[in-house]
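A look at the structure
The residues making up each chain are set out below.
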Amino acid sequence: KEIRYFAEIGSTNNEAKRLAAEGCPEGLIVVAEAQNTGRGRLARGWFSPFGKGIWLSVVLRPSFHPLDAPKCTLMAAVALTKAIHKVTDAPCGIKWPNDILYEGKKLVGILTEMSAEMDAINYVVIGMGINVNIAPDEFPPELRDIATSVAAAAGRPVSRLALLAEVLAELETVYCLAVSQGFDPVLDEWRKLSITLGQQVNVLAPGETFTGIAVNIDNEGALLVDTGQGVRRVLAGDVSIRP
Ligand code: BTN
């Protein structure tokens, strides 16, 4: 597969979207040592210091329905968590829908962007930001309570190259599984790696907030929350796990 490497770039997702729109093949990878304008979800930025993380975007051209594209994010979360478990013994897990956490702090963020027409996907770009060797005091003060790194979780520096190789291998495995057998086996893996299921959660959905126990995800990746007065389905939004 083709890998485009940059010492410095604005955002690997922007470059991957540009190449995808130009017609690049599926599987193209954009990776950078540093991003100047790294982007997170909900129009946030993403701290991407030089040489300290894996700032990576992958172009896919799946034949799924555009409504299934969010499942690419669940797929990436599974691949990333498995890769981290292979390379370290850092006990991290997935917080619904797509953050990888260690001790309640974020190690990895995923930003999936899609271009689709009618009922066909043109491309999906999966952007992954892995905080690899960032020491706690290297994060900007406003991130110190919410962000951590694979090295901090593992208690030692971690080879970015070894981790990158595992991430790409796991991503290929899980994508081939989804293409050949559908999403059900991917969702099963997601359930096993989840730290949200079984927990008491606060749900911040568009326009409302409620509390309950996260009991499962359904076959669309929506979180099912038992509020005590019935099970509510959360397709978009954020949850916080209550201590
Ligand atoms: C989140 O808000 O949790 C998602 C963060 C995604 C960051 C990655 S880093 C590589 C890729 N390029 C970007 O600009 N963002 C994603």
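Above this text sits the structure in question.
Now for a quick tour of the structure. Because the structure is predicted, anything quoted here is derived from the model rather than measured.

Cut-off values and rules
Residues numbered from 1 in each chain as written. Predicted model: local features only at pLDDT ≥ 70, side-chain atom pairs only at ≥ 80, totals over all residues. Heavy atoms only, no water. Buried < 20%, exposed > 50% of the residue type's maximum accessible area, 1.4 Å probe, protein only. Helix = DSSP H or I, 4+ residues; strand = E, 2+ residues; numbered from the N terminus. Arc of directions from axis to C-beta. Contact = heavy atoms within 4.5 Å. Polar contact = N/O pair within 3.5 Å; in protein donor to acceptor, adjacent residues only side chain to side chain. Pairing = 2+ DSSP bridges. Axes fitted to C-alpha atoms, helices over the stretch in contact; angles between N-to-C directions.

**Considerations on helix α1 (residues 12–21)**
Every buried residue of α1 is accounted for by T12, N13, E15, A16, L19 and A20. Along the long axis of α1, the arc covered by the buried residues comes to 160°, so they all point the same way. Buried residues belonging to α1 abut β1 (3–9), β2 (29–35), β3 (53–60), β6 (105–117) and β7 (120–131). Put simply, S11 is the residue that caps the front of α1, since its side-chain oxygen is 3.2 Å from the backbone nitrogen of N13. Just downstream of α1, G23 is the residue with a positive phi angle, here 100°.

**A look at the sheet that holds strand β5 (residues 99–102)**
Judged by pairing direction, the sheet is mixed, and its 7 strands sit side by side in the order β1-β2-β3-β7-β6-β5-β4 without closing on themselves. At either end of the open sheet lies a strand with only one pairing partner, and these are β1 and β4 (93–95). Across the sheet, the mean angle from the axis of one strand to that of its neighbour is 20°, orientation sign disregarded. Here β3 pairs with β7 via 8 bridges, running antiparallel. Note that in β7 the partner of I54 across the bridge is I130.

**A look at the environment of L101**
Inspection of the secondary structure puts L101 in strand β5. Exposure remark for L101: the relative accessible area of 10% places this residue in the buried category. For the pair L101 and S149, spaced 48 residues apart in sequence, the C-alpha to C-alpha distance is 9.3 Å. The residues contacting L101, other than those within four sequence positions of it, are C92, G93, K95, K106 and I195.

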